[in-house]
Amino acid sequence: MAHSAEDQPPQSILDDPDYDPGLPWYQSLRSGWALQFRTAIRNFPTGGASGNLFQIGGEWILPFQKAGLFSIGASLAGVSALQSGFSTYSVFPMIGGTFRYQLKLFKNQPIVPTAALGYDHYRIPNGAALAQMPGGNQMSFSYGLMVNLSWIDQVTARDAYRSLGMTKAYLTAEILETEFQNSIFSVVPELYVFGLRLEFE
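In short, a report on the structure. (Residues numbered from 1 in each chain as written. Predicted model: local features only at pLDDT ≥ 70, side-chain atom pairs only at ≥ 80, totals over all residues. Heavy atoms only, no water.)

## Notes on the packing of aromatic side chains
For step 1, the next point in the chain: Taken as a whole, this structure holds 6 aromatic pairs when the rule is applied.
For step 2, the next point in the chain: Relative to F99, the ring of F70 has its centre 5.5 Å away and its plane inclined at 20°; by these criteria the two rings are stacked. With F70 in strand β3 (residues 69–84) and F99 in strand β4 (residues 87–102), the pair connects residues that are 29 residues apart, well separated along the chain.
For step 3, the next point in the chain: On the basis of relative accessibility, which here comes to 39%, the residue F99 falls in the partly exposed class.
For step 4, the next point in the chain: Taking 5.0 Å as the distance between ring centres and 80° as the angle between the ring planes, the aromatic pair formed by Y122 and F180 counts as edge-to-face. One end of the pair, Y122, is in strand β5 (residues 111–123); the other, F180, is in strand β8 (residues 180–181), and 58 residues separate them in sequence.
For step 5, the next point in the chain: Residue class for F180 comes out buried when judged on its relative accessible area of 1%. (Phe/Tyr/Trp six-rings, centres within 6.5 Å; stacked < 30°, edge-to-face > 60°. Helix = DSSP H or I, 4+ residues; strand = E, 2+ residues; numbered from the N terminus. Buried < 20%, exposed > 50% of the residue type's maximum accessible area, 1.4 Å probe, protein only.)

## Some points on the sheet that holds β3
For step 1, the next point in the chain: In spatial order, the strands read β1-β2-β3-β4-β5-β6-β7-β10; together these 8 strands close into a barrel with antiparallel pairing. Taking each pair of neighbouring strands and ignoring which way they run, the sheet shows an average axis angle of 25°.
For step 2, the next point in the chain: The pairing of β5 with strand β6 (residues 135–148) spans 13 bridges and is antiparallel. Bridge pairing links L117 to F141 in β6.
For step 3, the next point in the chain: Contacting β7 (166–178) and β10 (190–200), helix α2 (residues 154–164) crosses the sheet at an angle of about 100° to β7. (Pairing = 2+ DSSP bridges. Axes fitted to C-alpha atoms, helices over the stretch in contact; angles between N-to-C directions. Contact = heavy atoms within 4.5 Å.)

Below, the structure written as structure tokens:
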């Protein structure tokens, strides 16, 4: 299928080994890093969903990959309304690292399965009156799907690349499995995490 003149890539991109003449040039580009925003809301989408999560993170996407994409990154988050017995706790800050995999089988894939391992250190502000704020370290595992907005709206995808260098935009839906355990409480929250992931050159 022929593309119009404005859809043609800059001359330098023609030399990129990832360039695919069968796709609009701005959808053939390799992502180098990502910015991600994620949230979970208590009692949504089910009554069993526990806690409100707000998280921002950045990831570096490892180059020269063929069987999917691996990335490593860091994040900052806070959690509120965690229920343990008759008490409710908040967790902030929650600072950690992430190792993520995207199962990408072809370029501009509309739906991308993903999974991530995380390691976080956290504090509980509710314990500020104590000699030392209680906290801990935790491992987490998340898995879900990412919907490629760049595949849905190609005109906006082209404009976003020209103005911001953005190569992909995804809506994400994941299940986050983790456990908070320290001297104050132990709780295994049920978190359904939704977000927006933006990838750039």
